Amino acid sequence: MVSDMKDYKPMDSFDEDGAAIYDDEPRGDETSTVSFLAALAGGGPALELAIGTGRIALPLAAQGIRVDGVDLSEPMVKKLRAKPGGERLSITMGDFADVPVDGTYPLIYLVYNTIFNLLTQDDQVRCFVNVASHLSEGGCFVVETLVPTYLSQLRDGQYVDAEQISTREVTLDVGRYDPLTQQLEESHVVLSAQGVRLYPIVTRYIWPSELDLMARIAGLRLKERWAGWDKQPFASSSRNAVSVYGR
Ligand SMILES: C[S@@+](CC[C@H](N)C(=O)[O-])C[C@H]1O[C@@H](n2cnc3c(N)ncnc32)[C@H](O)[C@@H]1O
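Below is a summary of the structure that appears in this document. (Residues numbered from 1 in each chain as written. Predicted model: local features only at pLDDT ≥ 70, side-chain atom pairs only at ≥ 80, totals over all residues.)

### Here we look at the overall build of the protein chain
Here is the rule we go by: Strands are runs of DSSP state E lasting at least 2 residues, helices are runs of H or I lasting at least 4, and numbering of each runs from the N terminus. The reference for a compact globule is 2.2 Å times residues^0.38; the radius of gyration itself is calculated from the C-alpha atoms. Using C-beta atoms placed from the backbone, we call a residue buried if 20 or more other C-beta atoms fall within 10 Å of its own, exposed if 12 or fewer do, and partly exposed for counts in between. In this description, any two residues whose backbone-derived C-beta atoms lie within 7 Å of each other are considered to be in contact.
Assigned secondary structure in the protein chain consists of seven helices and eleven strands. Over its C-alpha trace the protein chain gives a radius of gyration of 18 Å, about what one expects of a compact globule, namely 18 Å for 247 residues. Summarising its shape, the C-alpha atoms of the protein chain cover approximately 50 × 40 × 35 Å along the three principal directions. Each of the 247 residues in the protein chain was classed as buried or not, and the buried ones make up 32%. Nonlocal contacts in the protein chain, meaning residues at least 24 apart in sequence, comprise 58% of its contacts between residues at least 6 apart.

Take a look at the structure:
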């Protein structure tokens, strides 16, 4: 049993228990994400790094675009396979930082802050370098990340945030941030009459500027950056960054 956050790994969040609840509360941005990606994919194929339960890949594939995927979590991929169309996707079980596939793609994408699941700068750069070697001529790498402004404003690198409040249940987001490693140890704590449930997660945050340097190391450059999937202009106050890289 894992008791110390230091022993906790990003993949621990996507075990049977994590996969069981993953689709319970959809993020709500699926339609706009799929429209954005479909416009870039052209005829495809597209590759989703960290495909998970197919939240984005399945509706994108439903538009007639071939979508391949990479993931390390058997329980997450099992959920994808059980959904309509899920059995048809080609999914490689492996570390997405390795981009362990053959061939090239006009579109590779990595959404929902998941590049943060790589806990070192080296692994995050390795991901960019491997993506670059699998992009076809004119191809794009789309990365969605939150902008960690709130972390730089923390007192003592810690916070407790009221994430959801209802009469029956309260969810707190509790975090501790190390500015040296840029790692955030975090837990979503659900309090209700049924008791207390903990959903820990560990990540390494990246500012958009660091992302851009990682891309440059990989021989890519920023082509577009938006504050969301509906192409809201990116500004100093933006909380979300949708970055499009290419050669
Ligand atoms: C937040 S979920 C995102 C899933 C999907 N992209 C979505 O938007 O719903 C993160 C996914 O990344 C996968 N993952 C995390 N680290 C990984 C790694 N190093 N290699 C492969 N998959 C990884 C997890 O198994 C999980 O399915």
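### Describing the sheet that holds strand S8 (residues 183–192)
This is how it is decided: Only when DSSP finds a minimum of two bridges between them are two strands counted as paired. Axes here mean lines fitted to C-alpha atoms, for a helix over just the part in contact, with angles spanning 0 to 180 degrees between N-to-C directions.
Overall, antiparallel pairing links the four strands, which are arranged S6-S7-S8-S9 in an open sheet. The two strands at the open ends of the sheet, each matched to only one other strand, are strand S6 (158–165) and strand S9 (195–204). Taking each pair of neighbouring strands and ignoring which way they run, the sheet shows an average axis angle of 20 degrees. Sheet analysis places strand S7 (residues 169–178) next to S8, joined by ten bridges and oriented antiparallel. Residue pairing across strands places Arg 176 opposite Glu 185, the latter belonging to S8.

### Section: the packing of helix H5 (residues 121–132) against helix H7 (residues 208–217)
How we decide: To sort the angles, those under 35 degrees are grouped as roughly parallel, those over 145 as roughly antiparallel, those from 65 to 115 as roughly perpendicular, and the leftovers as oblique. Two helices cross in a left-handed way if the nearer one is turned anticlockwise from the farther one by less than a right angle. They cross in a right-handed way if the turn is clockwise. Any residue outside Ala, Val, Leu, Ile, Met, Phe, Trp, Tyr, Cys, Pro, Asp, Glu, Lys and Arg is labelled polar, Gly included; the first ten of those are nonpolar and the last four are charged.
It is at 8 Å that the axes of H5 and H7 come closest, and there the two elements cross at 50 degrees. It follows that H5 is oblique to H7 by the angle criterion. As H5 packs across H7, the resulting crossing turns out to be right-handed. Only Met 214, Ala 215 and Ile 217 of H7 make contact with H5, whose side of the interface consists of Gln 124, Val 125, Phe 128 and Val 129. By residue class, the composition of the contact of H5 with H7 is six nonpolar, one polar and no charged.

### Here we look at the site of the ligand
Operational definition: We call a residue near a molecule or strand if the C-beta atom, set from the backbone, is within 6 Å of it.
Of all residues adjacent to the ligand, which total 21 residues, the nearest are Phe 14, Ala 50, Gly 52, Arg 55 and Ser 73. Each residue belonging to the shell around the ligand can be placed in one class, and the counts come to 14 nonpolar, four polar and three charged.

### A look at the nonpolar core
To be explicit about the condition: Linking buried Ala, Val, Leu, Ile, Met, Phe, Trp, Tyr and Cys residues through C-beta atoms within 7 Å yields a set, and such a set is a nonpolar core.
Leu 37, Ala 46, Ile 108, Val 131 and Phe 141 are the most contacted members of the largest nonpolar core, which has 55 residues in total. Discounting chain neighbours no more than four positions away, the residues touching Ile 108 are Leu 47, Leu 49, Val 131, His 134, Leu 135 and Phe 141.

### Remarks on the sheet that holds strand S2 (residues 67–71)
Across the sheet, which stays open at both edges, the seven strands sit in the order S3-S2-S1-S4-S5-S11-S10 with mixed pairing between neighbours. Each edge of the sheet is formed by a strand with only one pairing partner; in this case those strands are strand S3 (91–93) and strand S10 (221–226). In this sheet, adjacent strand axes meet at a mean angle of 20 degrees when their direction is disregarded. By the bridge criterion, six bridges tie strand S5 (residues 135–146) to strand S11 (residues 240–246) in an arrangement that is antiparallel. By the bridge assignment for S11, Thr 145 is matched with Ala 241.

### A short note on H7
Worth spelling out the cut-off: An arc is given here, and it is the one of the directions from the helix axis to the C-beta atoms.
Those residues of H7 lying buried are Leu 211, Met 214 and Ala 215. Within H7, the buried residues cover an arc of 100 degrees as seen down the axis, which keeps them to one side. Seen from the open side of H7, the exposed residues pointing more than 90 degrees away from its buried face are Ser 209 and Ile 217. Of the residues flanking the end of H7, it is Gly 219, one or two places downstream, whose phi is positive at about 80 degrees.

### Some points on unusual backbone geometry
Here the amide bond leading from Gly 44 into Pro 45 is cis, since omega sits at 0 degrees, within 30 degrees of zero. Within the chain, Ala 50 stands out as a residue other than glycine whose phi angle is a positive 65 degrees. Assignment of secondary structure puts Ala 50 in the loop between strand S1 (46–49) and helix H3 (57–61). The phi dihedral of Val 99 is positive, around 45 degrees, even though this residue is not glycine. Mapping Val 99 onto the fold places it in the loop between S3 and strand S4 (105–110). Note on Val 99: 23 C-beta atoms within 10 Å, which makes it buried.

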